[in-house]
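Structural overview for review
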Amino acid sequence: MNKQIIPRHFSTCPHDCPSACALDVEVLPHNKIGRIYGSEKQTYTAGVICAKVARYAERIHHKDRLTKPLLRKGEKGSGQWHEISWDEALDLTAEAFKKAETAYGSESIWPYYYAGTMGLVMRDGINRLRHAMKYSGFYSTICVTLARPGYIAGTGLLAGPDPREMAKSDCVVIWGTNAVATQVNVMTHAMRARKERGAKIVVIDIYQNATMQQADLALCLKPGSDGALACAVMHILFRDNLADRDYLERFSDCPNELEAYLKSRTPEWASAITGLTTDEIEHFAKLIGTTKKTFFRLGYGFTRQRNGSVAIHAATSIATVLGCWQYEGGGAFHNNGAIYHLNKTMIDGLDVIDPTIRMLDQSQIGRILTGDTQALRGGGPVKAMLIQSTNPVSVSPEQELVKKGFVRDDLFTVVHEQFMTDTAKMADVILPATMFLEHDDLYYGGGQQYLSYGKKLVEAPEGCKSNHEVICALAKRLGAEHAGFSMSPRAMIDWTLQNSGWGSLDQLAKDDLIDCQPDFETAHYLKGFNWPDGKYRFKVDWSQVPLANDGPMGPFADLPTLPDHWNVLESATKDYPFRLATSPSRQFLNSTFTETESSIKREGRPTVMIHPLDAAKMNIQEGDEVELSNERGAVRLHAHYFEGLQQGVLIAEGIWPNSAHPDGRGINTLTGADQAAPFGGAAFHDNHVAIRPYLQH
Ligand SMILES: Nc1nc2c(c(=O)[nH]1)N[C@H]1C(S)=C(S)[C@@H](COP(=O)(O)OP(=O)(O)OC[C@H]3O[C@@H](n4cnc5c(=O)[nH]c(N)nc54)[C@H](O)[C@@H]3O)O[C@H]1N2
Ligand SMILES: Nc1nc2c(c(=O)[nH]1)N[C@H]1C(S)=C(S)[C@@H](COP(=O)(O)OP(=O)(O)OC[C@H]3O[C@@H](n4cnc5c(=O)[nH]c(N)nc54)[C@H](O)[C@@H]3O)O[C@H]1N2
Ligand code: SF4
Ligand SMILES: [Mo]
């Protein structure tokens, strides 16, 4: 057979995923793409990508893509729109912002964004506009402030051993990440270790997800109990003389104090908290205690509990007690954010920051838009918003409040989007956005070590503009001043590379990639951890944790100083006897891909998994429509019997569009926006709820 050869071009996946895969994209005539493949030349991607991005043609060429600016007619959310020109849309927006500023001050405008694209130019340019205009600040809390502090509390730095070393481990502990669904490349390297070296794969999660099904040792514990497991494991390691005392002496702050303190953290104590048997805990401790090349791959899952920062610190501490950091294929990894040391001055407008401007918490958007004085940090109301690359009406906690905020008649909302999302539906003005293959950008991997180029490969549909174009066009109308507003994305990438010590765009355009992996000794902290005394900290002064962010905000509760189980969870009660986690689905990425047929077909419908014994107690049959409820609201979906979780735990996978639920209330109706310690962040998997059959009236 004579196969026609379709040209493939390099790109980078822009989605909010630690893998940031390097891609080979089939480019067809007439601005069409074919299939997308994983690039072989990027050694972490190693030719493998997830299915939903492989079939990206379905998304980029989707018939429902937004291509015309729209102005609301009728009530907010009525679904009726006028088509308008780009000039009209931008003029209207600029006028509304100026009006709000004149009447209520610059902080009444809140530019709001997230990681729909991880491209630095397109994602973060909105910050340049807000800094130049002194608009309210965006304190990014989702994914960041519950996870990172706990890792950094020990190591002093958000970086770790080369994730490719998982392939050289004798044991890979996949903890709180459903890697098969959310970052498939972890599996590539872990499986290689199993195949080539007979390595064991341990998975620690709260349900038997696709990743746990691949495990040699599966630990299915109660939500929010990871700190207890970690402490009992360290107790056993000291008890059985499996701790590396020489390493601890040289590289940790207070090993003797830790050992003494852990005496009471017995397997029996942890068994009662985790729901694991003491045998399971002993077995896990023995396995890693006798396997120096153990790689702890710590994901986001267990940090989406109110005690998450304390728990990830406890888990990271095991690697130190064992001295795993010393070995190739050993150590603990969460994210590589710190290795890139990018100078973001031009993109973010860091040189025009006014530090007196208030920061508003991303997770608290519902409270902010409904006038909660604490969430508004004592300032005036938010009157106008520019929203790019995020879908808060679907993904943010306390959805009832979020919706109440967005229907406000006195709030002007402009949403820059690719699709008619739950958030776009609530806009006054909608602006159609380009997709990653239609603009230039620069990406880095949180879960690996590459800076990676994403070049424009096809023309956007007529009518779509990139985030950068919108920000620059608004800046002009608003009189915002910064050199970045007159640069092209390519010039911006070049400036950023040159000022960060990573060469230039010319070089990147030739190579596509820069491998930023630090040397072995640095990555494994063999020259010392990133504290003045070079020692890993078991004992944490949380106020001193350098979170590379805009926080801290507070005040927050006191945290334990040594690794522990910290019981600040949203515990089950008589009225709300179940604990619900809203874990990610495989075919969606947050609320993205909920518009593509193939993903919807594979996911089915909004579902909650329940243990059959619980279901029997609650009179719930397989497939029944049920209602989940708590203080924050109620959600309707269908029950599915599932034995792979502990009784009392419920799992609802995926963030379905609100309209996929019978009465338009999405899963985040049930999640809370209280600021978890130490620096805030929404505890998406830490909810108490009631469940009952939904009876039609
Ligand atoms: N297919 C797909 N891929 C994605 C995403 C998606 O929605 N879908 N989201 C992307 C984004 S934005 C992110 S941040 C990453 C997140 O990806 P992950 O690092 O995988 O983190 P989570 O999505 O929070 O959840 C991971 C697992 O943690 C489990 N978990 C919940 N509570 C606990 C607990 O207390 N202890 C333990 N041990 N486990 C717990 C959940 O059940 C889930 O199986 O994935 C990205 N990739
Ligand atoms: N219940 C529950 N809720 C959760 C989570 C959970 O596990 N459970 N996970 C949380 C997590 S980890 C995260 S990170 C958040 C993510 O929440 P979001 O950041 O809102 O992510 P998405 O839902 O993927 O929405 C991104 C939107 O950006 C748009 N977009 C993509 N590229 C561009 C672009 O170049 N320009 C513009 N203008 N728009 C673009 C997409 O069309 C999409 O609608 O959700 C959180 N919400
Ligand atoms: S695994 Fe993550 S980074 Fe890789 S292609 Fe899929 S969504 Fe993109
Ligand atoms: Mo995320």
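Okay, so let's go over this structure. (Residues numbered from 1 in each chain as written. Chains lettered and ligands numbered in written order. Predicted model: local features only at pLDDT ≥ 70, side-chain atom pairs only at ≥ 80, totals over all residues. Heavy atoms only, no water.)

1. Topic: the overall build of the protein chain
Of regular secondary structure, the protein chain possesses 23 helices and 25 strands. Computed over C-alpha atoms, the radius of gyration of the protein chain comes to 25 Å, within 12% of the 26 Å expected from 2.2 N^0.38 for 697 residues, which places it in the range of a compact globule. Residues classed as buried in the protein chain amount to 64% of the 697 residues present. Considering only contacts in the protein chain between residues 6 or more positions apart, those separated by 24 or more positions represent 75%. Total accessible area computed for the protein chain in this model is approximately 25,300 Å², and 50% of it derives from carbon and sulfur atoms. (Helix = DSSP H or I, 4+ residues; strand = E, 2+ residues; numbered from the N terminus. Rg over C-alpha atoms; globule rule 2.2 N^0.38 Å. Buried < 20%, exposed > 50% of the residue type's maximum accessible area, 1.4 Å probe, protein only. Contact = heavy atoms within 4.5 Å. Areas by Shrake-Rupley, 256 points an atom, 1.4 Å probe, with all protein chains shown as cover.)

2. So, the packing of aromatic side chains
In this description, an aromatic ring pair is defined by two values, namely the gap between the centres and the angle between the planes. Applying the stated criterion to the full structure yields 19 aromatic pairs. On the numbers, 6.4 Å between centres and 65° between planes, the contact of Tyr 207 with Phe 642 is edge-to-face. Of this pair, Tyr 207 sits in the loop between strand S9 (200-205) and strand S10 (217-220) while Phe 642 is found in the loop between strand S23 (633-641) and strand S24 (649-651), placing the two residues 435 residues apart along the sequence. Under the relative-accessibility criterion, Tyr 207 is labelled buried at 2%. With relative accessibility at 18%, the residue Phe 642 sits in the buried group. Following the ring pairs from residue to residue traces out a cluster consisting of Trp 110, Tyr 112, Tyr 113, Tyr 114 and Phe 138. Here the guanidinium or amino end of Lys 465 rests over the ring plane of Trp 86, the centre of that ring lying 5.2 Å away. Sitting over the ring of Trp 531, Arg 537 keeps its end group 4.0 Å from the ring centre. (Phe/Tyr/Trp six-rings, centres within 6.5 Å; stacked < 30°, edge-to-face > 60°. Lys NZ or Arg CZ within 6 Å of the ring centre and 35° of its normal.)

3. Considerations on the site of ligand 3
What surrounds ligand 3 is the set Cys 13, Cys 17, Ser 19, Ala 20, Cys 21, Ile 49, Cys 50, Val 53, Val 184 and Leu 589. Its residues assigned to classes, the shell around ligand 3 shows nine nonpolar, one polar and no charged. (Near = heavy atom within 4 Å. Nonpolar A, V, L, I, M, F, W, Y, C, P; charged D, E, K, R; others polar.)

4. Structural notes on the side chain of Ser 271
Structurally, the position occupied by Ser 271 is in helix H11 (residues 267-274). Of note is the side chain of Ser 271, whose polar atom sits 2.7 Å from the backbone oxygen of Leu 276. Contact partners of Ser 271, with chain neighbours within four places excluded, come to Leu 276, Thr 277, Thr 278 and Ile 281. (Polar contact = N/O pair within 3.5 Å; in protein donor to acceptor, adjacent residues only side chain to side chain.)

5. Concerning the sheet that holds strand S17 (residues 441-444)
Taken together, the three strands give an open sheet; going across it, the order is S17-S18-S19, and neighbouring strands pair in antiparallel fashion. Either end of the sheet is taken by a strand with one partner, and the two such strands are S17 and strand S19 (513-515). Within the sheet, the average angular offset between the axes of one strand and its neighbour, ignoring direction, is 15°. Summarising the sheet, S17 and strand S18 (residues 450-454) pair through four bridges and their orientation is antiparallel. Its bridge partner being in S18, Leu 442 is matched across the sheet by Tyr 453. (Pairing = 2+ DSSP bridges. Axes fitted to C-alpha atoms, helices over the stretch in contact; angles between N-to-C directions.)

6. Comments concerning the nonpolar core
By size, the foremost hydrophobic cluster in this structure holds 97 residues, and its most contacted members are Trp 175, Leu 229, Phe 284, Phe 296 and Ile 318. A per-element tally of this core places helix H8 (residues 226-239) first, with ten residues. In this view, Phe 284 contacts Val 173, Val 202, Ile 204, Leu 217, Leu 219, Leu 229 and Val 233; residues no more than four positions away in its chain are not counted. In terms of nonpolar packing, the next biggest core, distinct from the first, is built from 59 residues, Phe 97, Ile 126, Phe 138 and Ala 384 among them. (Core = buried A, V, L, I, M, F, W, Y, C linked by side-chain atoms within 4.5 Å.)

7. Observations regarding the packing of H8 against helix H13 (residues 308-322)
One way to put it is that H8 packs onto H13 with a least axis distance of 8 Å and a crossing angle of 20°. When the axis of H8 is compared with that of H13, the two are roughly parallel. Crossing geometry of H8 relative to H13 is assigned as left-handed. When H8 is examined against H13, the residues Asp 226, Gly 227, Ala 230, Val 233, Met 234, Leu 237 and Phe 238 are found in contact with a partner set consisting of Ala 311, Ala 314, Ala 315, Ser 317, Ile 318, Val 321 and Leu 322. (Parallel < 35°, antiparallel > 145°, perpendicular 65-115°, else oblique. Left-handed = near helix turned anticlockwise from the far one by under 90°.)

8. Some remarks on the sheet that holds strand S2 (residues 22-28)
If you trace the three strands from one edge of the open sheet to the other, you get S1-S2-S3, paired in antiparallel fashion. The open sheet has two free edges, formed respectively by strand S1 (8-12) and strand S3 (32-38), since each of these has just one partner strand. Between one strand axis and the next, the sheet turns through 35° on average, direction left out of account.

9. Details of the site of ligand 2
With respect to spatial proximity, 31 residues lie near ligand 2, and among them Thr 390, Glu 417, Asn 467, Ser 591 and Thr 592 are the closest. One of the backbone nitrogen or oxygen atoms of His 416 is found 2.8 Å away from a nitrogen atom of ligand 2. Separating an oxygen atom of ligand 2 from a side-chain N or O atom of Ser 591 is a distance of 2.5 Å. Burial of ligand 2 by the protein amounts to 96% of the accessible area it has alone, namely 920 Å². Tallied by class, the residues present in the shell around ligand 2 amount to ten nonpolar, 17 polar and four charged. Three or more residues apiece are contributed to the shell around ligand 2 by two domains, here domain 2 (70-138 + 340-435 + 459-484) and domain 4 (578-693). (Domains from an automatic or database assignment.)

10. Points about the pattern of salt bridges
Scanning the entire structure with this criterion turns up 40 salt bridges. The residue Asp 240 makes a salt bridge to Arg 239 at a minimum N-O spacing of 2.7 Å. The exposure class of Arg 239 is partly exposed, given its relative accessible area of 43%. One salt bridge connects Lys 539 with Glu 257, and the closest N-O pair in it is separated by 2.9 Å. Here the residue Lys 539 occupies a position in the loop between helix H21 (520-523) and strand S20 (578-581), and Glu 257 occupies one in helix H10 (residues 255-262), the gap between them amounting to 282 residues. You can call Lys 539 partly exposed: its relative accessible area is 37%. The network of salt bridges with common partners includes Arg 306, Glu 570, Arg 579, Arg 632, Asp 674 and Asp 686. (Salt bridge = Lys/Arg side-chain N within 4 Å of Asp/Glu carboxyl O.)

11. Comments concerning H8
Compared with an ideal rise of 1.5 Å per residue, which puts 14 residues at 20 Å, H8 spans 20 Å between its outermost C-alpha atoms and is within 8% of the ideal. The buried fraction of H8 amounts to 13 of the 14 residues, a majority that puts the element mostly inside the structure. Once H8 ends, the next one or two residues include Asn 241, with phi positive near 60°. (Expected span 1.5 Å × (residues − 1).)

12. Description of the environment of Ser 394
Within the secondary structure layout, Ser 394 lies in helix H16 (residues 392-395). Since its relative accessible area comes to 1%, Ser 394 is described here as buried. When the C-alpha atoms of Ser 394 and Ser 136 are compared, they prove to be 22 Å apart, with 258 residues separating the residues in sequence.

13. Thoughts on unusual backbone geometry
Glycine aside, negative phi is the norm for most residues, and most peptide bonds take the trans geometry. Residues Ala 677 and Pro 678 are joined by a peptide bond in cis, for which omega reads 5°. By secondary structure assignment, the location of Pro 678 is in the loop between S24 and strand S25 (687-693). The phi torsion at Phe 593 lies on the positive side, around 75°, for a residue other than glycine. With respect to the helices, strands and loops of the structure, Phe 593 is situated in the loop between S20 and helix H22 (597-603). Assessed through its relative accessible area of 1%, Phe 593 is described here as buried. In the Ramachandran plot, Asn 619 falls in the positive-phi region, its phi being about 60° despite a non-glycine side chain. Following the sequence through the fold, Asn 619 ends up in the loop between helix H23 (612-617) and strand S22 (625-630).

Scope: geometric values only; no functional claims are made or implied.
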